[in-house]
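Each chain, written out:
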There are 12 protein chains.
Amino acid sequence: MAKLLLVNGPNLNLLGVREPDTYGTDSLDDVVDLVRSTAARWDMGVDAVQSNHEGVLIDAIHAARGTCAAIVINPGAFTHTSVALRDALTGVALPVAEVHISNIHRREPFRHHSFVSDVAELVIVGAGLRGYAYAVEGIARHVQQC
Amino acid sequence: MAKLLLVNGPNLNLLGVREPDTYGTDSLDDVVDLVRSTAARWDMGVDAVQSNHEGVLIDAIHAARGTCAAIVINPGAFTHTSVALRDALTGVALPVAEVHISNIHRREPFRHHSFVSDVAELVIVGAGLRGYAYAVEGIARHVQQC
Amino acid sequence: MAKLLLVNGPNLNLLGVREPDTYGTDSLDDVVDLVRSTAARWDMGVDAVQSNHEGVLIDAIHAARGTCAAIVINPGAFTHTSVALRDALTGVALPVAEVHISNIHRREPFRHHSFVSDVAELVIVGAGLRGYAYAVEGIARHVQQC
Amino acid sequence: MAKLLLVNGPNLNLLGVREPDTYGTDSLDDVVDLVRSTAARWDMGVDAVQSNHEGVLIDAIHAARGTCAAIVINPGAFTHTSVALRDALTGVALPVAEVHISNIHRREPFRHHSFVSDVAELVIVGAGLRGYAYAVEGIARHVQQC
Amino acid sequence: MAKLLLVNGPNLNLLGVREPDTYGTDSLDDVVDLVRSTAARWDMGVDAVQSNHEGVLIDAIHAARGTCAAIVINPGAFTHTSVALRDALTGVALPVAEVHISNIHRREPFRHHSFVSDVAELVIVGAGLRGYAYAVEGIARHVQQC
Amino acid sequence: MAKLLLVNGPNLNLLGVREPDTYGTDSLDDVVDLVRSTAARWDMGVDAVQSNHEGVLIDAIHAARGTCAAIVINPGAFTHTSVALRDALTGVALPVAEVHISNIHRREPFRHHSFVSDVAELVIVGAGLRGYAYAVEGIARHVQQC
Amino acid sequence: MAKLLLVNGPNLNLLGVREPDTYGTDSLDDVVDLVRSTAARWDMGVDAVQSNHEGVLIDAIHAARGTCAAIVINPGAFTHTSVALRDALTGVALPVAEVHISNIHRREPFRHHSFVSDVAELVIVGAGLRGYAYAVEGIARHVQQC
Amino acid sequence: MAKLLLVNGPNLNLLGVREPDTYGTDSLDDVVDLVRSTAARWDMGVDAVQSNHEGVLIDAIHAARGTCAAIVINPGAFTHTSVALRDALTGVALPVAEVHISNIHRREPFRHHSFVSDVAELVIVGAGLRGYAYAVEGIARHVQQC
Amino acid sequence: MAKLLLVNGPNLNLLGVREPDTYGTDSLDDVVDLVRSTAARWDMGVDAVQSNHEGVLIDAIHAARGTCAAIVINPGAFTHTSVALRDALTGVALPVAEVHISNIHRREPFRHHSFVSDVAELVIVGAGLRGYAYAVEGIARHVQQC
Amino acid sequence: MAKLLLVNGPNLNLLGVREPDTYGTDSLDDVVDLVRSTAARWDMGVDAVQSNHEGVLIDAIHAARGTCAAIVINPGAFTHTSVALRDALTGVALPVAEVHISNIHRREPFRHHSFVSDVAELVIVGAGLRGYAYAVEGIARHVQQC
Amino acid sequence: MAKLLLVNGPNLNLLGVREPDTYGTDSLDDVVDLVRSTAARWDMGVDAVQSNHEGVLIDAIHAARGTCAAIVINPGAFTHTSVALRDALTGVALPVAEVHISNIHRREPFRHHSFVSDVAELVIVGAGLRGYAYAVEGIARHVQQC
Amino acid sequence: MAKLLLVNGPNLNLLGVREPDTYGTDSLDDVVDLVRSTAARWDMGVDAVQSNHEGVLIDAIHAARGTCAAIVINPGAFTHTSVALRDALTGVALPVAEVHISNIHRREPFRHHSFVSDVAELVIVGAGLRGYAYAVEGIARHVQQC
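Residues numbered from 1 in each chain as written. Chains lettered and ligands numbered in written order. Predicted model: local features only at pLDDT ≥ 70, side-chain atom pairs only at ≥ 80, totals over all residues. Heavy atoms only, no water.

A. Structural context of the packing of helix H3 (residues 54-63) of chain J against helix H4 (residues 83-92) of chain J. All names here are of chain J. It is at 9 Å that the axes of H3 and H4 come closest, and there the two elements cross at 5°. The angle between H3 and H4 places the two elements in the roughly parallel class. For the pair formed by H3 and H4, the contact residues are Glu-54, Leu-57, Ile-58, Ile-61 and His-62 on the first element and Ala-84, Leu-85, Ala-88, Leu-89 and Val-92 on the second. For the contact of H3 with H4, a count of residues per class yields 8 nonpolar, 1 polar and 1 charged. (Axes fitted to C-alpha atoms, helices over the stretch in contact; angles between N-to-C directions. Helix = DSSP H or I, 4+ residues; strand = E, 2+ residues; numbered from the N terminus. Parallel < 35°, antiparallel > 145°, perpendicular 65-115°, else oblique. Contact = heavy atoms within 4.5 Å. Nonpolar A, V, L, I, M, F, W, Y, C, P; charged D, E, K, R; others polar.)

As structure tokens, then:
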């Protein structure tokens, strides 16, 4: 069974932990579950990694060569600063879907540029946790029609 | 039954007409059908407009006040140049989902800025025609949980 | 009797319609009435046009050649994007007064530049609907002392 | 009786003194008279200051706390360079109307930015000396409807 | 017989009407006649459109698919602001010649950039009405040697 | 007893080790001792972390949720490049004092911008090791008067 | 006994006078008292000046040559605009500590650059009135170890 | 008989020599022949210069004072870098037509600015060698109607 | 006898006072003497003003109307920041010579722009105190040949 | 025997693994062998580190203090983003040679700036794997002639 | 006898030749005579070169090593574009005086930057031909007091 | 036997002549000898040119068509300003190695951009005269493996 790599960047481990009244009680585990169940509908398994360490994420992406068919990534703050992460993604030559839970275009100007978007196939912004589902479906369709 | 307004901007009438070997044979009618069927799953109807005239789009958005619950828009080239369209969207105070069929981040630098994104709830880029379905689902969920 | 052309740009038809508790109940009709009554004190009539279509505004400005002595314009969002409107104003060689109801200097940076201001005689910003009255008086004085 | 503070910045003392054939014979005294007579129609008195010394203007603005209800200011060249004047205006928390006799948008680029406009209620540009009258009326209406 | 589409943008309807002592008495009709007679020498007919409405121009360009072999365009002010017009030109995949009657490089800085030039084959600037003739000849040679 | 988290960024482990004649013999341990003794005067304990790994610092900041009342941070080179560190600080919602031993305003232009300063309460620059003491006192006063 | 010159720039005379519920009741006199008492602990006296006139501040700085050992300055708005004040500070060649009561990095972009910081020894930002105490201690330590 | 000066800048001597399959076999001699034959139709002779030495081109332009009626120039790479060439053109006060064989707007950004265009009467870009013919005709018409 | 106004800006009172070994022992009095003796050779008297107060300099320039034939000015730091001083110079419509003792082009980038240079007739930079003599001679020649 | 530290940044572990037909079959091990054999000719040993973790690289550089005589570094993507790596290099005060296998000047604009180049002695770009040999020779000559 | 090298850049050979009613009848020969007579008063001879060829000027500057004591240069258009000329000046390590006949600060923005000014001792702008005399005197004083 | 063209730009003739204590006594002749001996190891001959005249360098590059297999160039100051030189290099379609003796990244910002680097195969910076040897070897390997 083909697999997706799900990558979540720095600080995303705080999801659902802090201020549940405001941000809801969905946690990173819920994100992983949602990604797994969506991928399952496309007959794909999921490897998931979250880390606050850029190097851990790069190592995980490298490990996806030969094991995964595509990558769904929410790079968090690395979106705006990490050329190394971008190079890892192009280095393994897998199709990429980029997700941002909140609408980064409403935030500070330094969040308006992404080092990932132009090497991704698709980008989902501001759709909340559901954005991961759209990313999985979008990249699964992309993989299966290639 | 609540309705969505589907807005397609300039040159999107050419969809599917030109170079079918490359871009596929899906036309703007197919986009409208996809939006209608997706919206129907959320018990919503669809009003659809496409025009190469900025003013026609603004008039249609104004007409959505009181008749529609949300807007799904692919502003085409107006994305990058039309403050008037942005002001129409904020003027009617409806939630907005922005869609771009291709990945605008891979194209010319003047396509990297959108006057719509920071007044939209969610933005779907590069997911092909399926992006409209994600936009409909995303904005429908937004409306129904408000 | 000399005439003024009153031009109102995109989205100004929404004046007074939306959120009357906040923005007041004065509508675009009230603006036109205020302009007419002010102009009458200077023995001038008024032709009025509002449109969300740039082309309609340009056509109306062209039609003012030979029939109007001056133009009072609130270009709305076209202020910041329309070179064509600017060229129409300079093309008919009539004196221009520019009005903005709200204080555009407090808003987004893209609203801080006007393509009209340097081809206008005077600019009134942030004085609310009364700004139209000042614009009429200012341009009428300009016309009558030329 | 409520009072306005009228502030005129550097070099405005030269008004009417130099090249009367070109600029007219209206002097700074005429400006003050116009402001007084306009204010009187709104039952307001006027304190007037002109200085080429930034510090004198700031001191005068500070002195307006508790004695004046609003400020009408033509900051002259300080418009473009004085953060201290801006801070004085916000420091006394009085509503402000900004006036420029000539159309600064037609002049050098360094005159296109104002440190005052976004802390003012209204801005009148290019209406000649009459601009002071519009500024007085505009700020008086603002004060009396607050 | 192959046809050219001649597109003239906003405010070009004023040609020859205003200030004939300065700009000459050649009107837009004379431009069309010049284009027709030049095209005839290359055995080509001409469809001509002028509008102050961006949407009308885009619609006309779309209509040229399958009916015209090339486009000669003076986009007027849309040169500098309209991505939609650019996309219409690339959308119909016809070769384009761009003409400007006056030398735009001597004018305001915002007129120094064209959204059309890099999608055109050739650009003629400052040659007066004759520039249309050079554009027709240039694009006709291009078409006939392809 | 309330605790402070003391965070020292990359290369600060070299303090006092290199060129003692020039930089003095105070080491990172001395910094920690100074912070501890100062905090003790405000009845606060100290958790201290130094790392050249961004991820280690982020993890430590996350761990301060619920255990520490404030953060004193010298982000070193991450000051200028790490959005992830900034997001960790805002993610745990603790008050922050930023310290730089040397005067970064005298150094290369890329050191003049800090991603931390606008999310910190106070910033101490150029005061040498004593700057940590001021930061501790400043943030302790902030915490205890909240 | 060595002396410090304490310089407070424009509008700082309003400290504690306006909105005491918000900003507290500490006035400029309280600042001077705090500086005096802190300096006394380092066996230093204090000369204090506050003015809204740039020239008065420059004259005071000049007068410190030969009479003072260091300068503590809150330049207020002159921070961002006054090269003359900077030149006065370097002209008298005394060590300088710069203080800002609020966190200027959270305010408008034009407040992010200081003409003083790179000629100061240390900079204290956002620590409230206590920042003056840190500045005095910091510059006193600097003077006494030179 | 009036004369034109034809100026070709650096590297244009390589025309037709290199890669004839791609660029055609027309050489610089063919350009000169085309210019001569076109000029002859306007009763004008041609002086021609090509050099890779900026100084040679400037000397030739100087020599055209009193001997030539106009200049046709393809400045090659000097277009973008040579103020001296621009000054030579304005120094001899002859009308100028600028030609570029290829469409420089499709090339690197540093080729988008020309130091010649705003001192030329007309500019022909991307019309291939025929562009020289249009330039000759355009400048000949300009000269003969002056 | 015609007079020159000699204006020296902020901090120039420190000339010759500080570090005589480095900067020499020539003081501002020596500058005035040099200007007087040079002017005398052109049968001109000298009014001299130095101040650290911008307003004092502006007042002195205003007072030169009708009494002086030209102005020699070293604006010091106001060179780079004072639009008001520039406006005073153009307001009195006297010819101006600008002097800088040191070579400002070797100093910080913010010293490379002068608000005075484009309203001056001539500018002397880096010639030391002798620069004043050249400025006097230059402006005297300018006055006497007008 | 003196030693070199060889540092390879993120993603360089993929060398030779991916697309051997295109990039050749030389791997990172081959790079290390080449560096060792080249260094041996200069009587130097080699410590080698590659990591996708910035912190690991910084730690390795720190460890080179007292053990290595120079550093040869290919910082990969950290070239363009890591001030921390730069600071580590200057912190250990060893001479540095920077290598890039491909010609970064032909790639995206964000790869044109290096935070390492101005703290390196020499920079080798685009020479393929051989570039490491030149870097070793260059830095060895530098070390041995110091 | 010590010698000066007088360097005049491109197009300065046109001095006095063109439009004598406007620019006067002084030619480049008159400039050389003025420089010779001024230099003679300081017991210096003059070598003079003018060329429109950058290389000729550089060669002449190189030849001044060992034969001349200083350089007076009006680089003409090379002021703004020639790093090679700048490097020649620093390469021969002679003191330099830069002259511009007209006030370049009143001309196009690209003339506001000089590659020579920060490697010159003094700069004379806008003083007409007399500026050469001031430059000679200034650099002679500089040489003789070294 | 294949040949290399060695090109040295302006001011490089001064190598070794000036300040031998500082820069060493190696002259341009030594550079040529080093290049010849290195090339000989790759069975290549060398044509060498140095000039301060851009045109001479371009002519020499043109002459290399058909006679040389590659170019080694130190463009000196033309690196940063000469598009013509770049075009000559691409015009002859030979592989290029760029050399800079000193580390240009440590010098003025205008030396950080090269018009040659992105059309070269490899770039060697800061390796002193040895850099020429690396360039020769690098480009020889490139030629011989093509």
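B. Layout of the relation of the copies chain A and chain F. Mapping chain A onto chain F calls for a screw motion: a turn of 120° about the axis and a shift of 0.0 Å along it, with 0.0 Å RMSD after fitting. Such a combination of rotation and displacement between the chain copies is what one expects of a three-fold axis. Residues of chain A ranked by C-alpha distance from the rotation axis are headed by Thr81(A), positioned 4.1 Å from it. The overlap is low: 7% of the interface residues of chain A also sit at the interface in chain F, so different surfaces are used on the two sides. (Least-squares fit on C-alpha atoms with pLDDT ≥ 70 in both.)

C. Geometry of the relation of the copies chain A and chain B. Between chain A and chain B, which share one sequence, the superposing operator has a rotation angle of 180° and an axial displacement of 0.0 Å; the RMSD is 0.0 Å. Both chain copies can therefore be described as sitting about a two-fold axis. Using C-alpha coordinates, one finds that chain A approaches the rotation axis most closely at Ile124(A), a distance of 2.4 Å. Most of the interface of chain A is mirrored in chain B, where 100% of its interface residues again form contacts.

D. Layout of unusual backbone geometry. One non-glycine residue with positive phi stands out, namely Ala93(C), at about 55°. Its location among the elements puts Ala93(C) in the loop between helix H4 (83-92) and strand E4 (96-100). Positive phi is not limited to glycine here, since Asn11(E) has a value of about 75°.

E. Inspection of the sheet that holds strand E1 (residues 2-8) of chain A at higher detail. Read from one edge to the other, the open sheet built from 10 strands follows the order E2(A)-E1(A)-E3(A)-E4(A)-E5(A)-E5(B)-E4(B)-E3(B)-E1(B)-E2(B), with strand pairing classed as mixed. The sheet terminates laterally at strand E2 (44-50) of chain A together with strand E2 (45-50) of chain B, the two strands that pair on one side only. Ignoring which end each strand starts from, the neighbouring axes of this sheet average 15° apart. Contacts from helix H2 (residues 28-41) of chain B reach strand E1 (3-8) and E2 of chain B within the one sheet, and its direction differs from that of E1(B) by about 160°. (Pairing = 2+ DSSP bridges.)

F. Spotlight on the pairing of E1(A). All names here are of chain A. Most of E1 is tucked away, with 5 of its 7 residues classed as buried. Here 7 bridges tie E1 to E2, and the two strands are oriented parallel to one another. Residue pairing in the sheet places Asn-8 in a bridge with Gln-50 of E2. Here 5 bridges tie E1 to strand E3 (residues 70-74), and the two strands are oriented parallel to one another. Counted as the bridge partner of Leu-5 is Ile-71 from E3. (Buried < 20%, exposed > 50% of the residue type's maximum accessible area, 1.4 Å probe, protein only.)

G. Spatial organisation of the interface of chain A and chain F. Counting from both sides, the interface comprises 14 residues of chain A and, opposite them, 17 residues of chain F. Summing both sides of the interface, chain A and chain F together bury roughly 1300 Å²; the carbon and sulfur share of this comes to 55%. If you look at where chain A meets chain F, you find 2 salt bridges. Across the pair Glu108(A) and Arg86(F) runs a salt bridge, and its minimum N-O distance is 3.1 Å. Joining chain A to chain F, the criterion identifies 8 residue pairs in polar contact (both at pLDDT 80 or more). Along the lines of polarity and charge, the residues of the side of chain A that touches chain F split into 6 nonpolar, 5 polar and 3 charged. (Buried area = accessible area lost by both parts, 1.4 Å probe. Salt bridge = Lys/Arg side-chain N within 4 Å of Asp/Glu carboxyl O. Polar contact = N/O pair within 3.5 Å; in protein donor to acceptor, adjacent residues only side chain to side chain.)

H. View of helix H6 (residues 130-145) of chain B. Taking 1.5 Å of rise per residue, the 16 residues of H6(B) would be expected to cover 22 Å, and the 23 Å separating its terminal C-alpha atoms lies within 8% of that figure. Listed in full, the buried residues belonging to H6(B) are Gly131(B), Tyr132(B), Ala133(B), Tyr134(B), Ala135(B), Val136(B), Glu137(B), Gly138(B), Ile139(B) and Ala140(B). (Expected span 1.5 Å × (residues − 1).)

I. Region of interest: the pattern of salt bridges. One pass over the full model with this rule turns up 96 salt bridges over all chains. Beyond isolated ion pairs, a larger network of salt bridges with shared partners links Arg86(A), Asp87(A), Asp118(A), Glu108(J) and Arg111(J).

J. View of the interface of chain A and chain B. Contacts between the two partners involve 19 residues from chain A, matched on the other side by 19 residues from chain B. For the pair chain A and chain B, the summed buried area comes to about 1700 Å², and 47% of that belongs to carbon and sulfur atoms. Inspection of the chain A/chain B interface yields 4 salt bridges. Taken together, the connections running from chain A to chain B amount to 18 residue pairs in polar contact (both at pLDDT 80 or more). Only strand E5 (122-125) and helix H5 (130-145) of chain A provide two or more residues apiece to the side of chain A that touches chain B. With 5 residues, H5(A) is the largest single contributor of residues to the side of chain A that touches chain B. Among the residues making up the side of chain A that touches chain B, the classes are represented as 8 nonpolar, 5 polar and 6 charged.

K. Representation of the arrangement of the chains. Nothing in chain D touches chain F, and the closest approach of their C-alpha atoms is 20 Å. For the non-touching pair chain A and chain H, the nearest C-alpha separation works out to 20 Å.

L. Structural context of a negative patch on the surface. Residue and element names in this part refer to chain A. Taken together, the side chains of Asp-26, Asp-29, Asp-30 and Asp-33 present a region of like negative charge at the surface. If you trace the backbone, Asp-30 turns up in helix H2 (residues 28-41). Assessed through its relative accessible area of 31%, Asp-30 is described here as partly exposed. (Patch = residues over 30% accessible without salt bridge, like charges linked within 9 Å, V, L, I, M, F, W, Y side chains within 5 Å. Areas by Shrake-Rupley, 256 points an atom, 1.4 Å probe, with all protein chains shown as cover. Lys, Arg positive; Asp, Glu negative; His and termini not counted. Charge placed at Lys NZ, Arg CZ, Asp CG, Glu CD.)

M. Focus on the environment of Thr67(J). In this structure, Thr67(J) sits in the loop between H3 and strand E3 (70-74). Distance from Thr67(J) to Asp47(J), taken between C-alpha atoms, is 9.5 Å for residues 20 residues apart in sequence.

N. How the structure looks around the sheet that holds strand E5 (residues 122-125) of chain G. Read from one edge of the open sheet, 10 strands run E2(F)-E1(F)-E3(F)-E4(F)-E5(F)-E5(G)-E4(G)-E3(G)-E1(G)-E2(G), paired in mixed fashion. Sheet topology places strand E2 (45-50) of chain F together with strand E2 (45-50) of chain G at the edges, where each strand pairs with a single neighbour. Sheet twist, expressed as the average angle between the axes of neighbouring strands with direction ignored, equals 15°. Where strand E1 (residues 3-8) of chain G lies against strand E3 (residues 70-74) of chain G, 5 bridges are found, and the strand directions are parallel. Each bridged residue has a counterpart across the sheet, and for Leu6(G) the counterpart in E3(G) is Val72(G).

O. Geometry of the packing of aromatic side chains. The final tally for this structure, using the stated rule, is 18 aromatic pairs over all chains. Ring centres of Phe115(D) and Phe110(G) lie 5.0 Å apart, and the angle between their planes is 80°; this geometry places the pair in the edge-to-face category. Linking Phe115(D) in the loop between strand E4 (96-100) and strand E5 (122-125) with Phe110(G) in the loop between strand E4 (96-100) and E5, this pair reaches from one chain into another. Centroid distance Tyr134(F) to Tyr134(G): 5.3 Å. Interplanar angle 5°. Geometry classified as stacked. Of this pair, Tyr134(F) sits in helix H5 (residues 130-145) while Tyr134(G) sits in helix H6 (residues 130-145), on two different chains. (Phe/Tyr/Trp six-rings, centres within 6.5 Å; stacked < 30°, edge-to-face > 60°.)

P. A look at the pairing of strand E1 (residues 3-8) of chain D. Residues and elements named next belong to chain D. Burial runs high along E1: 5 of the 6 residues are buried. As defined by bridge partners, E1 adjoins strand E2 (residues 45-50) across 6 bridges and the pair is classed as parallel. Each bridged residue has a counterpart across the sheet, and for Leu-5 the counterpart in E2 is Asp-47.

Q. View of the side chain of Asn103(K). For Asn103(K), the location among the structural elements is in the loop between strand E4 (96-100) and strand E5 (122-125). At 2.9 Å, the side chain of Asn103(K) and the backbone oxygen of Ser117(I) are in polar contact. Of the polar contacts made by the side chain of Asn103(K), one reaches the backbone nitrogen of His105(K); its length is 3.0 Å. In contact with Asn103(K), other than residues within four places in its own chain, are Ser117(I), Asp118(I), Ala120(I), Glu121(I), Val125(K) and Gly126(K).

R. Expanded view of the environment of Asp33(J). Checked against the element boundaries, Asp33(J) lands in helix H2 (residues 28-41). It is 9.6 Å that separates the C-alpha atoms of Asp33(J) and Val46(J), two residues lying 13 residues apart in sequence.

S. Representation of the environment of Gln144(A). All names here are of chain A. Tracing the backbone through its elements, the reader meets Gln-144 in helix H5. Here Gln-144 falls in the partly exposed class, since its relative accessible area comes to 46%. Between the C-alpha atoms of Gln-144 and Trp-42, which are 102 residues apart in sequence, the distance is 9.0 Å. Gln-144 has contacts with Trp-42 and Met-44, leaving out every residue within four places of it along the chain. Among the polar contacts made by the side chain of Gln-144, one reaches the main-chain carbonyl oxygen of Trp-42 at a distance of 2.9 Å.

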